Amino acid sequence: MTESLSQISVILLICSMVLYAAAFIAFAMDLARRSAHATASVPSAVARRAQEVAASNTPGSAHTTTLIRGSVDQAGSPMAGSVSLRTGYSLTVLAFIVELGADIFRGIAAGRVPWANMYEFSMTGTLLIVGVFLVVTLRYDLRFLGSFVTGLVLILLGISSMRYYVEVAPLPPALQSYWLVIHVMVAIIATGFFAIGFALSAVQLLQTRRETQIADSRPASLRFLATLPSSGTLENLAYRINIVGFILWTFTLMAGAIWAERAWGRYWGWDTKEVWTFIIWVVFAGYIHARATRGWRGSRSAWLAIIGFSAVMFNFGIVNVFFKGLHSYSGL
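Residues numbered from 1 in each chain as written. Predicted model: local features only at pLDDT ≥ 70, side-chain atom pairs only at ≥ 80, totals over all residues. Heavy atoms only, no water.

**Focus: the overall build of the protein**
Argument step 1. A count of helices and strands for the protein gives 10 helices and zero strands.
Argument step 2. Its helices and strands taken in sequence order, the protein reads α-α-α-α-α-α-α-α-α-α from the N to the C terminus.
Argument step 3. Expressed as a percentage of its 332 residues, the buried residues of the protein come to 52%. (Helix = DSSP H or I, 4+ residues; strand = E, 2+ residues; numbered from the N terminus. Buried < 20%, exposed > 50% of the residue type's maximum accessible area, 1.4 Å probe, protein only.)

Structure representation (structure tokens):
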């Protein structure tokens, strides 16, 4: 029974990867369509972007929230009827549902929560990255990030399926705790928010480069960026999303310390995993502090957010696998 449920989980996961691949293609086609339609709207887009940058860079402005919500929707509105965009989004929702089924069947087969090893963590982690993306798009039209989200999920699922797949096995004693549910789940959700913040910061850097080219009367590259929000709007939205991720990561750090005391009799032991979790917290704390109090705006804040998410990926893909310590079971 356990083996059959595990096989069903694998089949559903493969199906979800096929759907994610189709969604990635559809989102990429939408970006190509945006590029084809951007040239005619460049003058109005530049004028609107100049107004957005001036308003969004005003700290504490009451107009900021309206600007973020309105400009994202407005920027996406010319392509709102794009068949490829709607198809990509629908396929992403369907893939999310199918992957959720794979996650549930894996959990039932194991008789526990499905995130006790690298394979299961990858499956649940990518599921929640997509989940965060879908939830955020209910408020802000961030479907233009669809190619990044589905591409990242495909890479992570492909690596974990080929490299880290393991059969269902009992939990090690250190993981037999309700803190496995609390600590790891919150960490995964925080990673989902950090991933979206990273994508927005990366697009912000591209948008900043394009705005500089336009200001210097030089030919602008990546024409599809003309249909997206300004760099200031992207920065503000990335900041808000990263704050949510930071709050969740802070809870992750605290919950991990409490669990460590229960399992090993100490709150902190300078284990490699513990150190990198703290490094990630410091990077994002520095990002929030620098932007809020030191005036680090624009490209500098975007690079800090990108470094923070890179640290998250290093923690997951390198520390879990190649560094030995009390958390080495996470690479099983």
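**Here's the deal with the UniProt feature "transmembrane region" (unreviewed entry) in the protein**
Argument step 1. Within this numbering scheme, the UniProt entry marks residues 6–27, 89–109, 121–138, 145–166, 178–200, 237–260, 275–290 and 302–323 as carrying the feature "transmembrane region" (unreviewed entry).
Argument step 2. Annotated as residues 89–109, this span is 100% helix and 0% strand, and its ends, taken at the C-alpha atoms, are 30 Å apart. (UniProt positions renumbered as here; feature names shortened; annotations may be inferred.)

**Quick look at the packing of helix α5 (residues 118–136) against helix α7 (residues 179–215)**
Between two packed helices, both the angle of their axes relative to each other and the distance between the axes serve to describe the pair.
Argument step 1. Contact pair α5 / α7: the axes reach a minimum separation of 8 Å and the direction vectors enclose 50°. In this view, α5 runs oblique relative to α7, as classed from their interaxial angle. Crossing of α5 against α7: the hand is right-handed. Here F121, T124, G125, L128, I129, V132 and F133 of α5 lie close against α7, whose contacting residues are V184, M185, I188, I189, G192, F193, A195 and I196.
Argument step 2. Per-class residue counts for the contact of α5 with α7 are 12 nonpolar, three polar and no charged. (Axes fitted to C-alpha atoms, helices over the stretch in contact; angles between N-to-C directions. Parallel < 35°, antiparallel > 145°, perpendicular 65-115°, else oblique. Left-handed = near helix turned anticlockwise from the far one by under 90°. Contact = heavy atoms within 4.5 Å. Nonpolar A, V, L, I, M, F, W, Y, C, P; charged D, E, K, R; others polar.)

**Thoughts on the packing of α7 against helix α8 (residues 231–264)**
Argument step 1. Running from amino to carboxyl end, α7 crosses α8 at an angle of 155°, the nearest separation of the two axes being 7 Å. Relative to α8, the element α7 is oriented roughly antiparallel. For the element pair α7 and α8, the recorded crossing hand is left-handed.
Argument step 2. Of the residues in the contact of α7 with α8, the class split is 24 nonpolar, 12 polar and three charged.

**As for the packing of aromatic side chains**
Argument step 1. Within this structure, the stated rule accounts for 12 aromatic pairs.
Argument step 2. Relative to F314, the ring of W276 lies with its centre 4.6 Å away and its plane at 45°, an arrangement referred to as tilted. Remark: F314 occurs in helix α10 (residues 299–322) and W276 occurs in helix α9 (residues 272–293); sequence separation between them is 38 residues.
Argument step 3. Take F314: its relative accessible area is 28%, and that puts it in the partly exposed class. (Phe/Tyr/Trp six-rings, centres within 6.5 Å; stacked < 30°, edge-to-face > 60°.)

**Focus on the side chain of S122**
Argument step 1. Examined against the element boundaries, S122 turns out to sit in helix α5.
Argument step 2. What makes S122 buried here is its relative accessible area of 5%.
Argument step 3. Within polar-contact distance, the side chain of S122 engages the backbone oxygen of M118 at 2.8 Å.
Argument step 4. With residues near it in sequence (within four places) discarded, S122 still touches L157, S160 and F316. (Polar contact = N/O pair within 3.5 Å; in protein donor to acceptor, adjacent residues only side chain to side chain.)

**Let's talk about empty space enclosed by the protein**
Argument step 1. Inspection of every chain in the model, using the stated rule, returns two cavities of 30 Å³ or more.
Argument step 2. Looking at the largest cavity, its volume works out to about 710 Å³.
Argument step 3. Within the residue set of the lining of the largest cavity, elements represented by two or more residues are α5, α7, α8, α9 and α10.
Argument step 4. Ranked by residue count, the leading element in the lining of the largest cavity is α8, at nine residues.
Argument step 5. Of the residues assigned to the lining of the largest cavity, the class counts are 25 nonpolar, 13 polar and two charged. (1 Å grid on protein atoms, 1.4 Å probe; cavity = no way out; pocket = protein on both sides within 12 Å on 5 of 7 lines; lining within 4 Å. Points joined across faces, edges and corners; volume = space filled by probe spheres on them.)

**What to know about the environment of A199**
Argument step 1. Take A199: it is sitting in helix α7.
Argument step 2. Residue classification places A199 among the buried positions, given a relative accessible area of 3%.
Argument step 3. The spatial distance from the C-alpha of A199 to the C-alpha of F148 is 7.0 Å, given a sequence separation of 51 residues.
Argument step 4. Sequence-distant contacts of A199, defined by excluding residues within four places in its chain, comprise L145 and F148.

**Regarding the nonpolar core**
Argument step 1. Counting residues in each nonpolar core, the largest one holds 66 residues, and the members touching the most others are L142, L145, I196, L200 and I241.
Argument step 2. Contributing elements (two or more residues each) for this core: α1 (2–38), α4 (83–110), α5, α6 (146–163), α7, α8, α9 and α10.
Argument step 3. Take this core: its biggest share by element is 11 residues, from α7.
Argument step 4. Looking at this core, you find at least three residues from each of domain 1 (1–38 + 83–169) and domain 2 (175–331).
Argument step 5. The residues contacting I196, other than those within four sequence positions of it, are V132, F133, L142, L145, V149 and I241.
Argument step 6. By size, the runner-up hydrophobic cluster in this structure holds 11 residues, among which are L128, I188, A255 and W259. (Core = buried A, V, L, I, M, F, W, Y, C linked by side-chain atoms within 4.5 Å. Domains from an automatic or database assignment.)

**Examining α6**
Counting along an α-helix, one turn takes 3.6 residues, and residues three or four places apart therefore face a common direction.
Argument step 1. Relative to the 26 Å expected for 18 residues at 1.5 Å per residue, α6 spans 26 Å between its end C-alpha atoms, a close match to the ideal helical length.
Argument step 2. Within α6 the residues assigned to the buried category are G146, S147, V149, T150, G151, L152, V153, L156, L157, G158 and S160. (Expected span 1.5 Å × (residues − 1).)

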